[in-house]
Structures are given as C-alpha cells and as structure tokens.
Amino acid sequence: GRPRSRSQPTQIPLTDVRILPPAERPPRIFGVLTALEPGAAMQVASDHDPRPLHYQIESRYPEQFDWSYLEQGPVTWRVEITRAKSSGCDCCCGH
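What this report covers is the structure whose coordinates are included nearby. None of the values given here were measured: they were computed from a predicted structure. (Residues numbered from 1 in each chain as written. Predicted model: local features only at pLDDT ≥ 70, side-chain atom pairs only at ≥ 80, totals over all residues. Heavy atoms only, no water.)

## A few points about the pairing of strand E2 (residues 41–46)
Within E2, 6 of the 6 residues are buried, which leaves the element mostly enclosed by the surrounding structure. Every second residue of E2 is oriented toward a common face, with Ala41, Gln43 and Ala45 on one face and Met42, Val44 and Ser46 on the other, all of them buried. The sheet contact formed by strand E1 (residues 14–16) and E2 spans 3 bridges and is parallel. Residue pairing for E2: Thr15 is matched across the bridge by Val44. In this fold, the crossover linking E1 to E2 by way of helix H1 (residues 25–35) has right-handed handedness. Strand direction decides the pairing type here: E2 and strand E4 (residues 77–83), joined by 6 bridges, are antiparallel. By the bridge assignment, Ser46 is partnered in E4 with Trp77. (Buried < 20%, exposed > 50% of the residue type's maximum accessible area, 1.4 Å probe, protein only. Helix = DSSP H or I, 4+ residues; strand = E, 2+ residues; numbered from the N terminus. Pairing = 2+ DSSP bridges. Right-handed = clockwise from strand over helix to strand, strands pointing away.)

## Considering H1
Along H1, the residues classified as buried are Arg25, Ile29, Phe30 and Leu33. Seen end-on, H1 carries its buried residues on one side only, within an arc spanning 105°. Of the exposed residues in H1, those oriented more than 90 degrees away from the buried face are Pro27 and Ala35. Buried-residue contacts for H1 involve E1, E2, helix H2 (51–60), strand E3 (65–72) and E4. (Arc of directions from axis to C-beta. Contact = heavy atoms within 4.5 Å.)

Given below as structure tokens:
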C-alpha cells in the first residue's frame, strides 16, 4: 500500500527559520500564517523551542490558531500551526 501522507491533496508549507537571520524570522512566519485559509496549516522548524512565537500568535490572534509540536529537540523543533475553521475574521467568508 501507499503511505497515506502522500495522498493528501495539499502540501503543508514548511518555514525553516534556521536558515533565516533572526530579524527575518517573525515577518516570514506571520506572512505565511496570516495568509492561511481557515482549516489550513503551516509548519515551522527551528533550532530552539519556538514557545515565544506561540505566545506572540496567541496575543495577536487569540483562539484563531491551533499549535502542536511535531518534534521537540534537542536539535530540531518542529511545530504545526493550523488556522481555526471559524476564526472570526471580518472578511466575506461568513465566519
């Protein structure tokens, strides 16, 4: 049988901040994050626990994103951030 992960129709974008200068990391992450459709996800890879990022997202966008660790060090941390299906946005999507 084929692995299930390859049959998913959409690829989850990965932002690897380890290759970016520190000043570019937040704008890059928030650029991808705010462009996510409701129910869509992104992944972030880092060389340290991205807990401060989690706090930033929660304070800027309370209850709009779910956060889950995929890897927790010691070399690589990887998290998946998913936009809530009803994020309360004020666009024309009806949420």
